[in-house]
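Architecture and fold: a report
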Amino acid sequence: MNRFEQKTVLVTGGTSGIGLAAAQAFAAEGARVVVTGRDAAVLKQVRASLGSHALALRNDAGAPGAATSLAAELRQAGIRLDAVFINAGVARFAPLAEATEALWDQTFSTNVKGAFFQLQALDPLLNPGASIVLNGSINARIGMPASSIYAASKAALISLAKTLSAELLPRGIRVNVISPGPVATPIYDKLGLDAATLEKTAASIRAQVPLGRFGTPQEIASTVLHLASPESAFIVGTEIIADGGMSQL
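Calculation notes
- Residues numbered from 1 in each chain as written.
- Predicted model: local features only at pLDDT ≥ 70, side-chain atom pairs only at ≥ 80, totals over all residues.
- Heavy atoms only, no water.
- Helix = DSSP H or I, 4+ residues; strand = E, 2+ residues; numbered from the N terminus.
- Rg over C-alpha atoms; globule rule 2.2 N^0.38 Å.
- Buried < 20%, exposed > 50% of the residue type's maximum accessible area, 1.4 Å probe, protein only.
- Contact = heavy atoms within 4.5 Å.
- Areas by Shrake-Rupley, 256 points an atom, 1.4 Å probe, with all protein chains shown as cover.
- Lys, Arg positive; Asp, Glu negative; His and termini not counted.
- Charge placed at Lys NZ, Arg CZ, Asp CG, Glu CD.
- UniProt positions renumbered as here; feature names shortened; annotations may be inferred.
- Core = buried A, V, L, I, M, F, W, Y, C linked by side-chain atoms within 4.5 Å.
- Salt bridge = Lys/Arg side-chain N within 4 Å of Asp/Glu carboxyl O.
- Polar contact = N/O pair within 3.5 Å; in protein donor to acceptor, adjacent residues only side chain to side chain.
- Axes fitted to C-alpha atoms, helices over the stretch in contact; angles between N-to-C directions.
- Parallel < 35°, antiparallel > 145°, perpendicular 65-115°, else oblique.
- Left-handed = near helix turned anticlockwise from the far one by under 90°.
- Nonpolar A, V, L, I, M, F, W, Y, C, P; charged D, E, K, R; others polar.
- Pairing = 2+ DSSP bridges.
- Right-handed = clockwise from strand over helix to strand, strands pointing away.

**Some thoughts on the overall build of the protein chain**
- Along the backbone of the protein chain there are 7 helices and 7 strands.
- Seen in sequence order, the protein chain has helices and strands lined up from the N terminus as β-α-β-α-β-α-β-α-β-α-β-α-α-β.
- Relative to a compact globule of 249 residues, whose C-alpha radius of gyration would be 18 Å, the protein chain shows 17 Å and is just as compact.
- Principal-axis analysis of the C-alpha atoms places the extent of the protein chain at approximately 50 × 35 × 35 Å.
- Within the span of the protein chain, comprising 249 residues, buried residues form 47% of the whole.
- Relative to all contacts within the protein chain whose residues are 6 or more apart in sequence, the contacts with residues 24 or more apart total 71%.
- Put simply, the protein chain shows about 11,800 Å² of open surface, and 56% of that area lies on carbon and sulfur atoms.
- Both charge centroids of the protein chain, one from 20 positive and one from 18 negative side chains, sit 4 Å from each other.

Spelled out as structure tokens, the structure:
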């Protein structure tokens, strides 16, 4: 399929995991892809894998001014956008007694504030009929211990999909959320757990998934592409949960 020929798509946090899988899937279907990330060397490698027209821009979604600087780079390059996947985010967990203001600020600065002001800055660059997909999480739907701050940040994105859809709908722009369950991505290696604890945690999570396994980034990417394409034109301001049944059964 070539659903995205002559379309330009932005994927924030597009250098690993779900973001990279989505960027590769968009490129495979004909899109000109723009990805952002923080590691210049990795960005260079990713850009080479996405085709000669791809762009890879260094940008920290949680940094002040990142939203306006990214929009300025795209504007200078003459780019207008047909789809945006707001994927950049952080995942840190702590029980109530150990949660800190710094953890709250880092999580909400990247996952919520960064996403909101990124969309505000990109708004003038969105073509009529563009699609925005936000990367949520089933943590917003389940009561997982130690996930309060992270879960609240993802719940905020679900709310944004509704309010921003209502605001942008006169221009034909849709906003939706993909909420993955456990997915095998590098984010689990960044939780600060030792190998034994990480494996114990993974086994515990797998036991809660009716399908008995973690999802793959490619499985989540396929739903992102569906939400970004015209075939989902009647899906507006809602959330698709892709969690192997973890929050549903």
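Let us keep going from here.
**Concerning the UniProt feature "domain: Ketoreductase" (unreviewed entry) in the protein chain**
- Cross-referencing UniProt, the feature "domain: Ketoreductase" (unreviewed entry) maps to residues 7-181 in the present numbering.
- Regarding residues 7-181, the helix share stands at 43% and the strand share at 21%, and the terminal C-alpha atoms are separated by 29 Å.

**Regarding the nonpolar core**
- Ranked by internal contacts, the top residues of the largest apolar core, which has 29 residues, are Leu-10, Leu-74, Leu-81, Val-84, Leu-122, Ile-132 and Leu-134.
- Broken down by secondary-structure element, the contributors of at least two residues to this core are helix H3 (66-76), strand E4 (81-86), helix H4 (101-122), strand E5 (126-135), helix H5 (148-168) and strand E6 (174-180).
- Of the residues forming this core, the biggest block, 6 residues, is contributed by H5.
- Grouped together as the second largest cluster of nonpolar side chains are 27 residues, Leu-20, Val-46, Ile-220 and Val-224 included.

**Section: the pattern of salt bridges**
- Counted according to the given criterion, the structure contains 5 salt bridges.
- Between Glu-239 and Arg-141 there is a salt bridge, and its shortest N-O distance comes to 2.5 Å. Here Arg-141 lies in the loop between E5 and H5 and Glu-239 lies in strand E7 (residues 239-242), a separation of 98 residues in the sequence.
- Looking at Glu-239, the relative accessible area reads 15%, which means it is buried.
- A single salt-bridge network, built from bridges that share partners, covers Arg-3, Glu-29 and Glu-231.

**Describing helix H2 (residues 40-49)**
- Its side-chain oxygen placed 3.0 Å from the backbone nitrogen of Ala-41, Asp-39 serves as the N-cap of H2.
- After H2 finishes, the residue Gly-51 shows a positive phi value of roughly 105 degrees.

**What about the packing of H3 against H4?**
- At a minimum axis separation of 8 Å, H3 and H4 run at an interaxial angle of 30 degrees. The angle between H3 and H4 places the two elements in the roughly parallel class. Note on packing geometry: the crossing formed by H3 with H4 is right-handed. Every residue of H4 that contacts H3 at Ala-66, Ala-67, Thr-68, Leu-70, Ala-71, Leu-74 and Arg-75 is listed here: Phe-117, Gln-118, Ala-121 and Leu-122.
- Considered class by class, the residues forming the contact of H3 with H4 number 8 nonpolar, 2 polar and 1 charged.

**Some words on the pairing of E4**
- Where burial is concerned, most of E4 is hidden: 6 out of the 6 residues are buried.
- By the bridge criterion, 3 bridges tie strand E1 (residues 8-11) to E4 in an arrangement that is parallel. Bridged to Val-9 within E4 is Ala-83.
- One ladder, built from 5 bridges, connects E4 with E5; its direction is parallel. Note that in E5 the partner of Ala-83 across the bridge is Ser-131.
- In this view, the connection linking E4 to its parallel neighbour E5 by way of H4 has right-handed handedness.

**Quick notes on unusual backbone geometry**
- One non-glycine residue, Gln-6, lies in the positive phi region at around 65 degrees.
- For Gln-6, the position within the fold is in the segment before E1.
- Classification of Gln-6 as exposed rests on a relative accessible area of 82%.
- Although it is not a glycine, Ala-146 adopts a positive phi angle of roughly 75 degrees.
- Tracing the sequence through the fold places Ala-146 in the loop between E5 and H5.

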